[in-house]
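# Results of the structural survey
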Amino acid sequence: MKKTAYTLKLVLFFMTVLLQISCDLYAQKKVVVLKDKIDITTLQEGYRNKTYSIEAITQAYLDRIQAVDKNGSQLHSVLTLNPDAIAIAKTLDEELKAGKWRGPLHGVPVLLKDNIDTKDKMPTTAGSRALANSFPLQDSFVAQKLREAGAVIIGKTNLSEWANFRGEPSTSGWSGLGGQTKNAYDVTRNPCGSSSGSAVAVAANLALFAIGTETNGSIVCPAHANGIVGLKPTVGLISRAGIIPISFTQDTAGPMTRTVKDAAIVLGWLTGIDNRDSKTSASVSFASKDYAGSLDKNSLKGKRIGVYVGVNGKNKEVDGLYQKAIEVMKVQGATLVEIPEITPPEVDGQSFTVMLYEYKQGLNDYFKSLGPKAAIKSVADLIEFNKKDGVELKYFNQLYLEMAQSKADLSTEEYKKALEALRINSQEKGIDKVMNDFRLDAIIAPTGTPAWVTDLKNGDQFTFGTSGPAAHSGYPSITVPMGYVNDLPVGISFVGKAWSEAALLNLAYAYEQNTKHRHAPSLIAN
């Protein structure tokens, strides 16, 4: 009897083990197909319900990148994969089992634009062959905050090389290392840039979200062209430490997601004061850790919205979508006021001058941060590398690098005058004046026109983009899907004063929830 009882216990034990293994395998099998509709909230519900594990989700995204980005549509949106991603995911699974949950980004796969430093086995390259083996000595502030939040950095995305500030006639989404990124909705079309890979990867559901960077249009344009949400925060809300720079005055990182709520969730985890970036000190009274908690789909009611009409008539189909968006906002209770101009035209030239001076200073400082063993130590070194390389100057020149190299330091009167004029014209005589004069809660504008056919010989074929006012002033903007022209996405931007992220997220959320324009790219398996 004792032997029989022992045998029975042994059989029951092995049956329990096999059942657990079967459940685990079943849970992993369920997430092999990653639905486009999955978001941060539903992912966390799955983790809590033990429907699947972080390891299984991470592996599924890595498999999807291989299937879609490399072997399938060949989007070329992902430049590098993190060899430690699965190990990180396993550690985060163990934390959940032990009752430790870091927050809504715990176990969420993310891709970073490859101008954002990570201290790991992935280089940070800006898409340049000159930095192909460049491994930063420490994490960027953004990477640090994401790791603390429990996000799984699964890789780096391709970009317009040097964030599209190298030369002419540039083609957005091209880099010497990654080749040409393709639009998620039509691979013959351009993804816009410079956060091209980040936008395409999110649109194609190769990660739950990505981080892009913007100096002027580099988040909102690719987000618009690939049918996703792109948020460019106020300069200083997110530290730029460890991000390969263009302009100290205009640069910022920001979330790129498939929903406004996800953008709000991510933003709250990226804010904070950082002594490596003096701009962040101004955010101390304005930054929030929770932008998602106050989202309200009725928030358009009673708001005064400025309607920028300066690009009306440049694209008939976009005009039609814009008019429909205006009507939606009216139905939701908003008052719409036409705005013919936001900033004076001379702002463009002032911004360009500032960028050239700050580019040289910023890049030289960044190269120093890589340590004495770095292959490239200055802008001059970079220019010489490109001249000798067989790929880097194949399609376009390095005019902007050469112009930046010719500039003196930041004590020059030309720089100081341009910087002050830019501040006055973009802020005091620009967005602040327009919003004060018309008593506005926000300004809207079509983000751009549908994606053009990629042409490496002749470069980008912009009809128009409306990122300038927010970029020049350093103020926030967010783009959300407004509709489609022949199945090519078009976005609408909401722009506000400094530190108005919470208000803009609410307005964008209300518009999104009352329209729900976005659909997954038809050429991508979902």
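Being a predicted model, the structure only gives us computed values, none of them experimental.

## Some points on the overall build of the chain
In terms of regular secondary structure, the chain is built from 16 helices and 13 strands. On C-alpha atoms alone, the chain measures out to a radius of gyration of 24 Å, which is about the 24 Å that the 2.2 N^0.38 rule sets for 526 residues. Taken over the C-alpha atoms alone, the chain extends approximately 95 × 60 × 45 Å along its principal axes. Among the 526 residues that make up the chain, the fraction classed as buried is 59%. In the chain, the proportion of contacts linking residues at least 24 apart, taken out of those at least 6 apart, comes to 76%. Counting every atom, the chain has about 21,100 Å² of accessible surface; 55% of that belongs to carbon and sulfur. With 58 positive and 53 negative side-chain charges, the chain shows a separation of 6 Å between the mean positions of the two kinds.

## Looking at the state of the cysteines
Inspection of every chain in the model, using the stated rule, returns one disulfide. A sulfur-sulfur distance of 1.9 Å marks the disulfide that ties cysteine 192 to cysteine 221. The disulfide joining cysteine 192 to cysteine 221 has a torsion of about 95° about its S-S bond and is therefore right-handed. In this pair, cysteine 192 sits in the loop between β5 (179-180) and α7 (196-203) while cysteine 221 sits in helix α8 (residues 220-225), placing the two residues 29 residues apart along the sequence. For the pair shown, cysteine 192 and cysteine 221 are each scored as buried.

## Notes on the sheet that holds strand β12 (residues 477-485)
Hydrogen bonds between backbone groups are what pair the strands of a sheet, and the pairing can be parallel or antiparallel. Pairing in this open sheet of eleven strands is mixed, and the strands run β1-β3-β2-β6-β8-β7-β12-β13-β11-β9-β10 from one edge to the other. Each edge of the open sheet carries a strand with a single partner, namely β1 (78-81) and β10 (335-339). Direction aside, the axes of adjacent strands within the sheet are offset by 30° on average. Relative to strand β3 (residues 152-157), strand β2 (residues 109-113) runs parallel, the two being bridged by five bridges. Following the sheet pairing, leucine 112 is matched in β3 by lysine 156.

## What to know about the pattern of salt bridges
Scanning the entire structure with this criterion turns up 20 salt bridges. The partner of aspartate 389 in a salt bridge is arginine 129, and the shortest N-O contact between them spans 3.0 Å. With aspartate 389 in the loop between α12 (379-388) and α13 (399-405) and arginine 129 in the loop between β2 and α5 (141-149), this residue pair connects regions lying 260 residues apart in the sequence. Judged by its relative accessible area of 15%, aspartate 389 falls in the buried class. Judged by its relative accessible area of 33%, arginine 129 is partly exposed. Each of the salt bridges in this network shares a partner with another, and the network as a whole consists of Asp120, Asp139 and Arg147.

## Side note on the packing of aromatic side chains
In this structure the tally under the stated criterion is 14 aromatic pairs. Aromatic side chains tryptophan 162 and phenylalanine 367 sit 6.3 Å apart centroid to centroid with 85° between the ring planes, which places their arrangement in the edge-to-face category. In this pair, tryptophan 162 is assigned in helix α6 (residues 161-164) and phenylalanine 367 in helix α11 (residues 347-369), connecting sequence segments 205 residues apart. Across the pair, exposure class does not vary: tryptophan 162 and phenylalanine 367 are buried alike. Taking the centre distance of 5.6 Å and the plane angle of 75° together, the rings of phenylalanine 352 and tyrosine 400 count as edge-to-face. You can see phenylalanine 352 sitting in helix α11 and its partner tyrosine 400 sitting in helix α13, a full 48 residues away along the chain. Accessibility expressed as a relative area gives 15% for tyrosine 400, which makes it buried. Three or more aromatic residues joined by ring pairs make a cluster, and in this case those are Phe165, Phe352, Tyr359 and Tyr400. Positioned over the ring face of phenylalanine 396 is arginine 166, at 4.2 Å from the centre of the ring.

## Digging into the UniProt feature "domain: Amidase" (unreviewed entry) in the chain
According to UniProt, the positions carrying the feature "domain: Amidase" (unreviewed entry) are residues 57-505. Note that residues 57-505 is 35% helix and 15% strand, and that its end C-alpha atoms are spaced 28 Å apart.

## Things to note about helix α3 (residues 54-72)
Turning to α3, its buried residues are Ile54, Ala56, Ile57, Thr58, Ala60, Tyr61, Leu62, Arg64, Ile65, Val68 and Asp69. Backbone geometry just after α3 places glutamine 74 at a positive phi near 50°.

## With respect to the nonpolar core
Membership of the largest hydrophobic core comes to 113 residues, with the highest contact counts inside it found for Leu146, Phe209, Ile211, Ile444, Ile492, Phe494 and Leu505. Those residues in contact with phenylalanine 209 that sit more than four places away from it in its chain are Ile40, Leu105, Val108, Pro109, Val110, Leu111, Leu146, Val202, Met256, Thr257 and Val266. Of all hydrophobic cores here, the second largest spans 23 residues; its members include Ala163, Phe367, Leu370 and Leu401.

## A closer look at the side chain of threonine 157
Within the element layout of this structure, threonine 157 appears in strand β3. On the basis of relative accessible area, threonine 157 is assigned to the buried category, the value being 0%. One polar contact links the side chain of threonine 157 to the main-chain amide nitrogen of lysine 113, over a distance of 3.5 Å. In this structure the side chain of threonine 157 is engaged in a polar contact, spanning 2.9 Å, whose partner is the side chain of serine 198. The contact partners of threonine 157, leaving out residues within four places of it in the chain, are Ser77, Val78, Leu79, Leu111, Leu112, Lys113, Asp114, Gly197, Ser198 and Ala201.

So, how was this worked out
- Residues numbered from 1 in each chain as written.
- Predicted model: local features only at pLDDT ≥ 70, side-chain atom pairs only at ≥ 80, totals over all residues.
- Heavy atoms only, no water.
- Helix = DSSP H or I, 4+ residues; strand = E, 2+ residues; numbered from the N terminus.
- Rg over C-alpha atoms; globule rule 2.2 N^0.38 Å.
- Buried < 20%, exposed > 50% of the residue type's maximum accessible area, 1.4 Å probe, protein only.
- Contact = heavy atoms within 4.5 Å.
- Areas by Shrake-Rupley, 256 points an atom, 1.4 Å probe, with all protein chains shown as cover.
- Lys, Arg positive; Asp, Glu negative; His and termini not counted.
- Charge placed at Lys NZ, Arg CZ, Asp CG, Glu CD.
- Disulfide = S-S within 2.5 Å.
- Pairing = 2+ DSSP bridges.
- Axes fitted to C-alpha atoms, helices over the stretch in contact; angles between N-to-C directions.
- Salt bridge = Lys/Arg side-chain N within 4 Å of Asp/Glu carboxyl O.
- Phe/Tyr/Trp six-rings, centres within 6.5 Å; stacked < 30°, edge-to-face > 60°.
- Lys NZ or Arg CZ within 6 Å of the ring centre and 35° of its normal.
- UniProt positions renumbered as here; feature names shortened; annotations may be inferred.
- Core = buried A, V, L, I, M, F, W, Y, C linked by side-chain atoms within 4.5 Å.
- Polar contact = N/O pair within 3.5 Å; in protein donor to acceptor, adjacent residues only side chain to side chain.

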